[in-house]
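Below are the chains, spelled out letter by letter.
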Amino acid sequence: ALHYFQKSKVDFVILEVGMGGRLDSTNVVKPLLSVITPIGKDHMNRLGDTVVEIAQEKAGIFKENTPVVLAKQNYSEVREVLIKKAQILNCPIYEAGNFKIKQLSYDLAGQSVEITTAHKKYVNLFIPLLGDHQMLNTATALACIELLQSKGLKIKESDIYKGIGQVS
């Protein structure tokens, strides 16, 4: 995949880790930012027996001086591990878990939400997926977008609404 991206001269890549963590093959990439979604008890045979051990492994994707976006975590001890590792590596931390999320309406087609970040309020943002976790995923995506905008990437607000509205 990395060879293909280089050969194709892409402008931008969103690269998802495999299992994620210290030994993940994607660690050869120097990212613009790293994202940690909610950590649970997955891949315990490889990453550890507790959520703290898993968080320590997953924090292995952090790169020195590279911003980290943290989704809302289900365990306070996981959040603590991630923040500590980010601080050790001097990584600025952006916590999507601090955003205010309000569901405005929902039906079988999806849900409309209001998400207030540290910088902006997104009103009547339509997510064509149901579930509280989809609202949290959207908040995490917005944190990434705002961070990239602060680094000079030009993303129009209308494109944010359109992109999220077409997710599947």
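Residues numbered from 1 in each chain as written. Predicted model: local features only at pLDDT ≥ 70, side-chain atom pairs only at ≥ 80, totals over all residues. Heavy atoms only, no water.

1. Thoughts on the packing of aromatic side chains
Any two aromatic rings considered together are summarised by their centre-to-centre distance and by the angle between their planes. Under the criterion given, the structure shown has 2 aromatic pairs. On the basis of an interplanar angle of 65 degrees and a centroid distance of 6.1 Å, the ring pair of Tyr-4 and Phe-5 is categorised as edge-to-face. Overall, Tyr-4 belongs to the exposed group, its relative accessible area being 54%. With relative accessibility at 23%, the residue Phe-5 sits in the partly exposed group. Above the ring of Tyr-122, the side-chain terminus of Lys-120 is found at 5.5 Å from the ring centroid. (Phe/Tyr/Trp six-rings, centres within 6.5 Å; stacked < 30°, edge-to-face > 60°. Buried < 20%, exposed > 50% of the residue type's maximum accessible area, 1.4 Å probe, protein only. Lys NZ or Arg CZ within 6 Å of the ring centre and 35° of its normal.)

2. Re helix α4 (residues 76-88)
Between the first and last C-alpha of α4 there are 18 Å, a value that for 13 residues agrees with the 18 Å anticipated at 1.5 Å per step. Turning to α4, its buried residues number three or more, namely Val-78, Val-81, Leu-82, Ile-83 and Ala-86. Where α4 is buried, its residues touch β1 (34-36), α3 (51-58), β2 (68-70) and β3 (93-95). Phi turns positive, to about 60 degrees, at Asn-90, one or two residues after α4. (Helix = DSSP H or I, 4+ residues; strand = E, 2+ residues; numbered from the N terminus. Expected span 1.5 Å × (residues − 1). Contact = heavy atoms within 4.5 Å.)

3. Side note on the nonpolar core
Membership of the largest hydrophobic core comes to 19 residues, with the highest contact counts inside it found for Ile-115, Leu-125 and Leu-142. For this core, the secondary structure elements donating two or more residues are β5 (110-116), β6 (121-127), α5 (132-150) and α6 (157-165). Once residues lying within four places of it in the same chain are set aside, the contact partners of Ile-115 are Phe-99, Lys-100, Ile-101, Lys-120, Lys-121, Tyr-122, Leu-125, Met-135, Thr-138, Ala-139 and Leu-142. Listed in part, the 18 residues of the second largest apolar core include Val-51, Val-68, Ile-83 and Ala-86. (Core = buried A, V, L, I, M, F, W, Y, C linked by side-chain atoms within 4.5 Å.)

4. Notes on the layout of surface pockets
Volume-wise, the largest pocket comes out at about 1400 Å³. If you go around the largest pocket, you meet 40 residues; those closest to its centre are Ile-14, Leu-15, Glu-16, Leu-33 and Val-35. For the lining of the largest pocket, the secondary-structure elements that each account for two or more residues are β1 and α5. Tallied by class, residues from the lining of the largest pocket come to 23 nonpolar, 11 polar and 6 charged. In this model, the second largest pocket occupies a volume close to 160 Å³. Forming the walls of the second largest pocket are Tyr-94, Glu-95, Ala-96, Asn-98, Phe-99, Thr-117, Ala-118, His-119, Ala-143, Glu-146, Leu-147 and Ser-150. Contributing elements (two or more residues each) for the lining of the second largest pocket: β3 and α5. For the lining of the second largest pocket, the element with the most residues is α5, which contributes 4 residues. Its residues assigned to classes, the lining of the second largest pocket comprises 6 nonpolar, 4 polar and 2 charged. (1 Å grid on protein atoms, 1.4 Å probe; cavity = no way out; pocket = protein on both sides within 12 Å on 5 of 7 lines; lining within 4 Å. Points joined across faces, edges and corners; volume = space filled by probe spheres on them. Nonpolar A, V, L, I, M, F, W, Y, C, P; charged D, E, K, R; others polar.)

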